[in-house]
Amino acid sequence: MAGEPKECAQVLGHLLPKRQCRRSSWLCLPKSTSSGGESLRTVSGPGTGWSSAECGKTSGRPPCCAVPHPCLPGFYGLEEADLDKVFRLPTTTFIGGSESALTLREIIRRLEMAYCQHIGVEFMFINDLEQCQWIRQKFEKPGVMQFTLDEKRTLLARMVRSTRFEEFLQRKWSSEKRFGLEGCEALIPALKTIIDKSSENGVESVIMGMPHRGRLNVLANVIRKELEQIFCQFDSKLEAADEGSGDVKYHLGMYHRRINRVTDRHITLSLMANPSHLEAVDPVVQGKTKAEQFYCGDSDGKRVMSILLHGDAAFAGQGIVYETFHLSDLPSYTTHGTIHVVVNNQIGFTTDPRMARSSPYPTDVARVVNAPIFHVNADDPEAVMYVCNVAAEWRATFHKDVVVDLVSYRRNGHNEMDEPMFTQPLMYKQIKKQKPVLQKYAEKLIAEGAVNRQEYEEEVAKYDKICEEAYNRSKDEKILHIKHWLDSPWPDFFTLDGQPKSMSCPSTGLNEEMLSHIGQVASSVPVEDFTIHGGLTRILKGRATMVQNRSVDWALGEYMALGSLLKEGIHVRLSGQDVERGTFSHRHHVLHDQNVDKRTCIPMNYVDPNQAPYTVCNSSLSEYGVLGFELGFAMASPNALVLWEAQFGDFHNTAQCIIDQFISPGQAKWVRQNGIVLLLPHGMEGMGPEHSSARPERFLQMCNDDPDIFPKITEDFAVRQLYDCNWIVVNCSTPANYFHVLRRQILLPFRKPLIIFTPKSLLRHPEAKSGFDDMLPGTHFRRLIPEEGSASQNSAGVKRLIFCTGKVYYDLTKERKTRGLEDTVAISRIEQLSPFPFDLVKAEAEKYPQAQLLWCQEEHKNQGYYDYVKPRISRTFNNTRPVWYAGREPAAAPATGNKKAHLVELERFLDTAFNPDAFQDQS
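As recorded in an unreviewed UniProt entry, the protein chain goes by the name 2-oxoglutarate dehydrogenase complex component E1, listed as coming from Carassius auratus. Recorded under Sequence similarities (unreviewed entry), the UniProt text for the protein chain is reproduced unchanged: "Belongs to the alpha-ketoglutarate dehydrogenase family." Recorded in UniProt under Catalytic activity (unreviewed entry), the annotation for the protein chain is "N(6)-[(R)-lipoyl]-L-lysyl-[protein] + 2-oxoglutarate + H(+) = N(6)-[(R)-S(8)-succinyldihydrolipoyl]-L-lysyl-[protein] + CO2".

K.L.:
Explain the side chain of S770 to me, using residue names and the numbers behind them.
P.N.:
Mapped onto the elements, S770 comes out in strand β25 (residues 770-771). In contact with S770, not counting residues within four places along its chain, are R550, S551, V552, T734, P735 and A736.

K.L.:
An account of the packing of aromatic side chains is needed here, citing residue identities and associated values.
P.N.:
Inspection of the entire model under this criterion finds 33 aromatic pairs. Ring geometry for W173 against Y471: centres 5.6 Å apart, planes inclined by 75°, an arrangement best described as edge-to-face. Within this pair, whereas W173 is found in the loop between α5 (149-172) and α6 (187-200), its partner Y471 is found in helix α16 (residues 453-474), the two being separated by 298 residues in sequence. Accessibility assignment for this pair places W173 and Y471 in one class, buried. Taking 5.9 Å as the distance between ring centres and 70° as the angle between the ring planes, the aromatic pair formed by F699 and F757 counts as edge-to-face. Of this pair, F699 sits in helix α23 (residues 696-701) while F757 sits in strand β24 (residues 754-758); the two residues are 58 residues apart in sequence, bridging distant segments of the chain. The same class applies to F699 as to F757, namely buried. Taken together through their ring pairs, the aromatic side chains of F168, W173, F231, F234 and Y471 make up a single cluster.

K.L.:
Residue-level account of the pairing of strand β10 (residues 265-271), with values.
P.N.:
Most of β10 is tucked away: 5 of the 7 residues are buried. As paired elements, strand β7 (residues 205-209) and β10 share 4 bridges and run parallel to each other. By the bridge assignment for β10, M208 is matched with L271. Of the strand pairs in this sheet, strand β9 (residues 254-260) and β10 are connected by 7 bridges, and their pairing is antiparallel. What sits directly across from H256, in β10, is L269. Where β9 folds back onto β10 in an antiparallel hairpin, the turn is made up of 4 residues, including D264, whose phi is positive at roughly 60°.

K.L.:
Outline the environment of K541, supporting the account with residue identities and numerical values.
P.N.:
Turning to its location among the elements, K541 is positioned in helix α18 (residues 534-548). On a C-alpha basis, the gap between K541 and S523 in space is 6.5 Å, while along the polypeptide they are 18 residues apart.

K.L.:
Describe the layout of surface pockets, with residues and values.
P.N.:
Roughly 630 Å³ of volume is contained in the second largest pocket. In terms of lining residues, the second largest pocket is bounded by 26 residues, among which M113, A114, Q117, V144 and M145 are the most central. When contributions to the lining of the second largest pocket are tallied by element, the ones reaching two or more residues are α3 (104-115), α4 (129-140), α13 (381-398) and α15 (437-448). Ranked by the residues each element gives to the lining of the second largest pocket, the list is headed by α3, at 4 residues. Looking at side-chain class alone, the lining of the second largest pocket contains 12 nonpolar, 4 polar and 10 charged residues. In this structure, the lining of the second largest pocket is formed jointly by two domains, domain 1 (40-140) and domain 2 (149-485), each of which donates at least three residues.

K.L.:
I'd like to hear about the sheet that holds strand β22 (residues 677-681), residue by residue, with values.
P.N.:
The mixed open sheet is built from 7 strands, whose spatial order is β20-β17-β21-β22-β24-β23-β29. Bordering the open sheet on either side are β20 (614-618) and β29 (832-834), each of which pairs with just one other strand. On average, each strand axis in the sheet is tilted by 20° relative to the strand beside it, whichever way the strands run. Here strand β23 (residues 728-730) pairs with β24 via 3 bridges, running parallel. Looking across to β24, one finds that V729 is bridged to I755. Relative to the sheet, helix α19 (residues 554-567) contacts β17 (571-576), β20, β21 (640-645) and β22, its axis offset from that of β17 by approximately 135°.

K.L.:
So, the pairing of β21: which residues are in play, and what are the values?
P.N.:
Of all 6 residues making up β21, 6 are buried, and the element is well covered by its neighbours. Both faces of β21 are covered, namely the face carrying A640, V642 and W644 and the face carrying L641, L643 and E645. Two strands pair when backbone bridges link them, and β17 and β21 are joined in this way by 6 bridges, in the parallel orientation. The residue of β21 that forms the bridge with G576 is E645.

K.L.:
Outline the side chain of N731, listing residues and values.
P.N.:
Considering the arrangement of structural elements, one finds N731 in the loop between β23 and α25 (735-747). If we ignore the near neighbours within four places in the chain, the residues touching N731 are F757, T805, G806, I830, E831, L833 and Y865.

K.L.:
Go over the sheet that holds β10, please, and point to the residues and values.
P.N.:
Pairing within the open sheet is mixed, and its 8 strands lie in the order β6-β13-β14-β12-β11-β7-β10-β9. Edge positions in the open sheet fall to β6 (119-122) and β9, since each of these has one partner strand only. Pairwise comparison of adjacent strand axes, ignoring direction, gives a mean angle of 20° for this sheet. In the packing of α13 onto the sheet, the strands contacted are β6, β11 (304-311), β12 (338-344), β13 (373-377) and β14 (402-407), and the crossing angle to β13 comes to about 165°.

K.L.:
Help me get a handle on the pattern of salt bridges, residues and values and all.
P.N.:
Across all of its chains, the model carries 48 salt bridges by this definition. Here R109 makes a salt bridge to E106, at a shortest N to O gap of 2.8 Å. With R109 and E106 both in helix α3 and 3 residues apart, this pair spans about one turn of that helix. Judged by its relative accessible area of 42%, R109 is partly exposed. Note that E788 and R782 form a salt bridge whose closest N and O atoms lie 2.7 Å from each other. With relative accessibility at 52%, the residue E788 sits in the exposed group.

K.L.:
Summarise the environment of A640; cite the residues concerned and give the values.
P.N.:
Structurally, A640 can be placed in strand β21. You can call A640 buried: its relative accessible area is 9%. Sequence spacing of A640 and V572 is 68 residues, and the spatial spacing of their C-alpha atoms is 5.7 Å. Not counting residues up to four positions away in its chain, the partners in contact with A640 are Y295, I570, H571 and I746.

K.L.:
Hey, could you go over the state of the cysteines for me, with residue numbers and the actual values?
P.N.:
According to the stated counting rule, one finds 0 disulfides in the structure shown. Cysteine C856 shares no disulfide, and the gap to the nearest cysteine sulfur, in C804, comes to 6.8 Å.

K.L.:
Got a sec to walk through unusual backbone geometry? Specific residues and values, please.
P.N.:
Across the junction of S834 and P835, the peptide omega takes the value 0°, indicating a cis bond. Positionally, P835 belongs in the loop between β29 and α27 (838-846). Positive phi, close to 60°, is recorded for D264, a residue that is not glycine. One can find D264 in the loop between β9 and β10. With a relative accessible area of 61%, D264 lands in the exposed category. One non-glycine residue with positive phi stands out, namely N879, at about 60°.

K.L.:
Describe in detail the packing of α27 against helix α28 (residues 866-876), supporting the description with residues and values.
P.N.:
For the pair α27 and α28, interaxial distance at closest approach is 9 Å and the crossing angle is 65°. Like other packed secondary-structure pairs, α27 and α28 cross with a definite hand, here right-handed. Residues F838, V841 and K842 of α27 pack against R872, I873 and T876 of α28. Of the residues in the contact of α27 with α28, the class split is 3 nonpolar, 1 polar and 2 charged.

K.L.:
Can you break down α13 residue by residue, with the values?
P.N.:
The end-to-end C-alpha distance of α13, which contains 18 residues, comes to 26 Å, matching closely the 26 Å that a straight helix rising 1.5 Å per residue would cover. Within α13, 15 of the 18 residues are buried, which leaves the element mostly enclosed by the surrounding structure. H399 lies just past α13 and shows a positive phi near 55°.

The rules we used
Residues numbered from 1 in each chain as written. Predicted model: local features only at pLDDT ≥ 70, side-chain atom pairs only at ≥ 80, totals over all residues. Heavy atoms only, no water. UniProt positions renumbered as here; feature names shortened; annotations may be inferred. Helix = DSSP H or I, 4+ residues; strand = E, 2+ residues; numbered from the N terminus. Contact = heavy atoms within 4.5 Å. Phe/Tyr/Trp six-rings, centres within 6.5 Å; stacked < 30°, edge-to-face > 60°. Buried < 20%, exposed > 50% of the residue type's maximum accessible area, 1.4 Å probe, protein only. Pairing = 2+ DSSP bridges. 1 Å grid on protein atoms, 1.4 Å probe; cavity = no way out; pocket = protein on both sides within 12 Å on 5 of 7 lines; lining within 4 Å. Points joined across faces, edges and corners; volume = space filled by probe spheres on them. Nonpolar A, V, L, I, M, F, W, Y, C, P; charged D, E, K, R; others polar. Domains from an automatic or database assignment. Axes fitted to C-alpha atoms, helices over the stretch in contact; angles between N-to-C directions. Salt bridge = Lys/Arg side-chain N within 4 Å of Asp/Glu carboxyl O. Disulfide = S-S within 2.5 Å. Left-handed = near helix turned anticlockwise from the far one by under 90°. Expected span 1.5 Å × (residues − 1).

Below you can see the structure in the form of structure tokens.
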């Protein structure tokens, strides 16, 4: 063509959407005529053109690409003749390859090849030019999707394994739920491609989280779990060899270290166990990934990474996805990029997408963190493989999140027993006609000459034989071992058979020199020319005075515990909302220079030159996500104290899913221990119904000890109780006991979650202090603090023994002194509520044989501890001594919002506690 080529920037500006680049076209199969709006959508193939508008109509959603077909005559003032004009290409596009000018017709063809085939790319919302150009190059450059013969044959072999595994299970156990992968078999080669490319880029460990669909296939063909171990899970006659409840097969996890055959490098793969609560495992995976990065010094995520799998409905519907995304770039929470893979079935159980989300795509939540989103037709394995390679390269290059959306379908119902035709008849009529992807891909390679039919059939027969042989071996198994499915082993912490190395706990006390040294660190600023706030200067002087007087308050007791563990080489991580200062301005673990912006100092990291590092980090305003993250962090190693503190204990219920599904039953379900500590500020202080109660009744209800059985008292009873429980629940009334319980958490020969109801007003209560003598060598955590005043010297004259826990003790002692009843009323504090200290309660009550037994709490009767402690105290004496109650009356709300009403309630139950005639008329 004669003449100089015209500039193409303006034309390309029209062709490429500026507002957003949902650069994909979708083919709707079928065109729905039902009112339900069902449709099956796959990324379009060659020749289908821009069918997005039609898709928008049938699916009840906005079209996938809001840009009309660029070749519509006259739409941009162009005529047919203009299509053969030559335009100079701008530097912002890579469609030219080595050419700098193309005809408009060729420009359009190449753009359609890049963006209107089986891959759709969303990235124009990313506000980083380098990243956008990187993506453009990956998808626009001509010939990028070329694969070698070996790559195609490997891909076919992986598709065979993925497909035939599900078919084998269906043949052997047709009436069993297994949540198979049929309809998205490309997931297996997708994951293996990501792992191969990541291994090539230096990754040594991959932590994965996923829902139930396809889990067994991933375990078998990605993690490489022994097939016979998987098949055993289908045998209903096998008994579990491990204690606990166990879990269904499609919830179990796995840990495996092996050689990656593509890169010939070692790689560790860990699939986290998870509950049915979709997406709940996301922050847990991120926390464990962060921990592994921390312990191996991987400060930029080059050696350890995470992969999260999602379903389309859950990815759009579950708020924890959003919470987890917002941890992705926070300094103390980032894992330096996660690859998200969405198995997009285009349905959620029985719910159509138009009823399941308001956004065009299920992946739109990822846009909030500028993660590129690659939509790909899962019936095109080569396109899937290419996209997954790009995703792995993106993560290695930019260390940011990326999403791969495998647009697929679900061949069966929600599970193999479910009938999808009830609710999606047209969709499932179409699915039944859909040729399986393995068959399509095999035919494609055979037509290309990449393999012949005999080679393909031999590959199928080879894997079928592997499955049959494993099936025959599985018949020899007599018992199920849940521990074979452990996702986070601690090999050096336990004996070879997974038992504690001892059943004792050493003293948790420290020598006076260490207490004084840590106290000096806590009351100083170890950095020169650092200006602190005047109010903080007074606080540090107050700490120094306490150290001189050999005493500690709550904040200093915590400092002693954490600082000593750091000196002993134990990493400590304290996380939560406002934990650096403390909600109640008592902690001050991070000092801020008053004159230099962002200049901070953490004195706890100056305890000893050889200490372990201390991490204290304010979290995002999230409970669910952050608690899940810290739980995952605590899974990685038993040699760390990981604490999560709620801003107020009341707010922990936003994270109830993590507590109910992971922390309380985690060991019973998955045979994995966890030593996470929950600090839950609790206390009825007139602050209203949302700032008073950490809901202790809920934690106590989930404790697994039996109130009707008085345990056998042995020499190791206290430690044995801890080993047998599912978690430990305490409410300390002294700084020394708080100090001891934190140190005990690490010195125990096993790990259990620890729930601590922490105080608010006691943080500055003049009587809530402890002396160094209570923290010296030989001292321990006191499960029960008995009466130690004059009443203990007059046991025969004591008329009433009051058991209580926590802050109310100080209200009781003040009232007792006011009434002059120190000689006739004894007050005993149960510091460890669960496991219940049967032995100490029995000894304390037997000391006062003439005394009435009374439980006093500041919480309402239907809340707090009463329903837990009453049957246990009664059982201690075979129900021969009644246990009376003094406390607030039953109520729906945790506390009143009226200050006067609060004080009236307090006065009323204190009167009940000390009135000798309070229970005279009760049988």
